[in-house]
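One-letter residues, chain by chain:
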Amino acid sequence: MYQLIVKLFPICRSITGNGVRETLRLIKKHIPLNIIEVPSGTKVFDWTIPDEWNITDAYIIDQTGHRIIDFKNNNLHVVGYSIPVDCYISLTELQEHLYSLENQPNAIPYVTSYYSKRWGFCLSHHQRTRLKEGRYHCVINSELKPGQLTYGEYIIPGKTDKEILISTYICHPSMANDQLSGPTVVTYLAKWLAKEQRKYTYRIIFIPETIGSITYLSRHIHKLKKNVIAGFNVMNVGDERTYSFVASRYGDSLADKVIVKVLTSKQCHVVKYSYLDSASDERQFCSPGVDLPVVSFSRSREYPEYHTSLDNLSLVTPRGLSESLAILIDCVKLLEMNNKYKVMCLCEPQLGKRGLYPTLSTKKSRETVRNMMNFIRYADGKNDLIDISNITQTPVKELCPIITRLMEAKLIEIYE
Ligand code: ZN
């Protein structure tokens, strides 16, 4: 996964353009992505797909002839969606087009202006304070014209039409945690999912943030509303600092239940954000009327390097990535076995005649019988595996062998 991030890192991505295409092309080497393009100007709910933006070069040359800012050194130097420019201006005029962070003087900030036409350069505050009076030659070789919005989709059919939605982003330039960690972990999750036939169908999408999810929803909302039973928006999953998630709008969906169960079972540090804190595509997926059962899963959501050049390849680690992948795999495994169960006889079943009651009573065997009895007590067709685990305070992994034995003994049935 880390090697894939290294490959994707230098590409200059935005919400449209060749950077997105190149990113999807590299991901397609791993999984059979379907790449879809939607023309600029297309109405998508309350939005319109903007013109496509591409850039080949950008720089500022001072009056001594030095290239003091060069897009080729770092693509964060250019404000995303900058219109083309080639002009000579004074330092005072230039300052109007510069963006830096006073409180992070060594960081180049990530700035975009998708929906109002402007141009600008981003630089470290340290460099900015050293700029001298004089004339500056500013060049941005960009192109903003009708084109396409590009996204990738991979659907892995399951035994049922019911779907799990996995969504991630491919629209930021060279930053590692936000956001290359997301598509990378999701690519490897998709590879794992495709290894065997699953119960659910998995719909995996690689989209530009906001306009991409709105576009996708506008094209598929009816099918998604009909079939999606849980969804995960995956972002910022490459560091090792913490785990976090943003709840769905009412925090009561199956995806909420699953992510809480998996993260709490890890006994690791977890930050829970409410939907009121949502800043990403959970806004779209859970918006009124859309109401998909989707949560966002992240490691650090708020961190000092966020949206700056400090979010680089040293912030994400192979361990951070693989731990995140493991969480998502656990979510899938839990979803796949999270059935509702119903006991098949009235009153307490006689375990002994089915060989389910130990002939030798030890501490361990008493505990197993207690867990089995507790499971049966709540296997009334109303509770799924997660509910019963929560009610009985028994870990899922201890309930699974009990379910197998009770199913074999024909004492419980799956109740949908
Ligand atoms: Zn971001």
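Our structure's up above, just so we're on the same page.
Given the structure is predicted, the values throughout are model-derived calculations rather than measurements.

Chemist: Would you take a moment to explain the coordination of the zinc ion for this structure?
Modeler: Tetrahedral metal sites with four donors have an ideal angle of 109.5 degrees; octahedral sites with six donors have ideal angles of 90 or 180 degrees. Only His172 (NE2), Asp178 (OD) and His307 (NE2) from the protein coordinate the zinc ion, and they sit 2.1 Å from it. Donor residues binding the zinc ion come from one chain and are separated in sequence as H-x5-D-x128-H. Relative accessible area serves as the criterion here: at 3%, Asp178 is assigned to the buried category.

Chemist: What exactly am I supposed to notice about the packing of helix 5 (residues 176-193) against helix 9 (residues 318-337) here?
Modeler: Each pair of packed helices gets described by two things: the angle between the helix axes and the distance between those axes. Viewed as axis vectors pointing N to C, helix 5 and helix 9 meet at an angle of 45 degrees, and their least axial separation amounts to 10 Å. Viewed along their axes, helix 5 and helix 9 adopt a mutual orientation that is oblique. Once helix 5 is placed against helix 9, the crossing between them reads as right-handed. Residues Ser181, Val185, Tyr188, Leu189, Trp192 and Leu193 of helix 5 pack against Leu321, Ser324, Leu325, Leu328, Ile329, Val332 and Lys333 of helix 9. In the contact of helix 5 with helix 9, the residues fall into ten nonpolar, two polar and one charged.

Chemist: Even after reading the chapter, I still don't get the environment of Val186, so can you show me in this structure?
Modeler: Turning to its location among the elements, Val186 is positioned in helix 5. Judged by its relative accessible area of 1%, Val186 falls in the buried class. Sequence separation between Val186 and Trp53 is 133 residues; the distance between their C-alpha atoms is 26 Å. Among all residues touching Val186, those that are not within four sequence positions of it are Ile166, Thr168, Ile204, Phe206 and Val234.

Chemist: What exactly am I supposed to notice about the nonpolar core here?
Modeler: If you look at soluble globular proteins, the nonpolar side chains tend to sit buried side by side. In terms of nonpolar packing, the biggest core is built from 73 residues, with Leu189, Ile204, Phe206, Phe232, Ile259, Phe375 and Leu406 touching the most fellow members. The element contributing the most residues to this core is helix 9, with nine residues. Dropping the residues within four chain positions of it, Ile259 is found in contact with Phe232, Phe245, Val295, Phe297, Ile327 and Cys331. In terms of nonpolar packing, the next biggest core, distinct from the first, is built from 47 residues, Val78, Ile89, Ile205 and Met235 among them.

Chemist: Looking at this structure, I do not really get helix 9. What am I missing?
Modeler: Within an α-helix, residues lying three or four positions from one another point in the same direction, as the helix has 3.6 residues per turn. Here helix 9 spans 29 Å end to end across 20 residues, near enough to the 28 Å set by a 1.5 Å rise per residue. Looking only at helix 9, the buried set comprises Gly320, Leu321, Ser324, Leu325, Ile327, Leu328, Ile329, Cys331, Val332, Leu334, Leu335 and Glu336.

Cut-off values and rules
Residues numbered from 1 in each chain as written. Predicted model: local features only at pLDDT ≥ 70, side-chain atom pairs only at ≥ 80, totals over all residues. Heavy atoms only, no water. Donors = N, O, S within 2.8 Å, 3.2 Å for Na, K, Ca; no water. Buried < 20%, exposed > 50% of the residue type's maximum accessible area, 1.4 Å probe, protein only. Axes fitted to C-alpha atoms, helices over the stretch in contact; angles between N-to-C directions. Helix = DSSP H or I, 4+ residues; strand = E, 2+ residues; numbered from the N terminus. Parallel < 35°, antiparallel > 145°, perpendicular 65-115°, else oblique. Left-handed = near helix turned anticlockwise from the far one by under 90°. Contact = heavy atoms within 4.5 Å. Nonpolar A, V, L, I, M, F, W, Y, C, P; charged D, E, K, R; others polar. Core = buried A, V, L, I, M, F, W, Y, C linked by side-chain atoms within 4.5 Å. Expected span 1.5 Å × (residues − 1).

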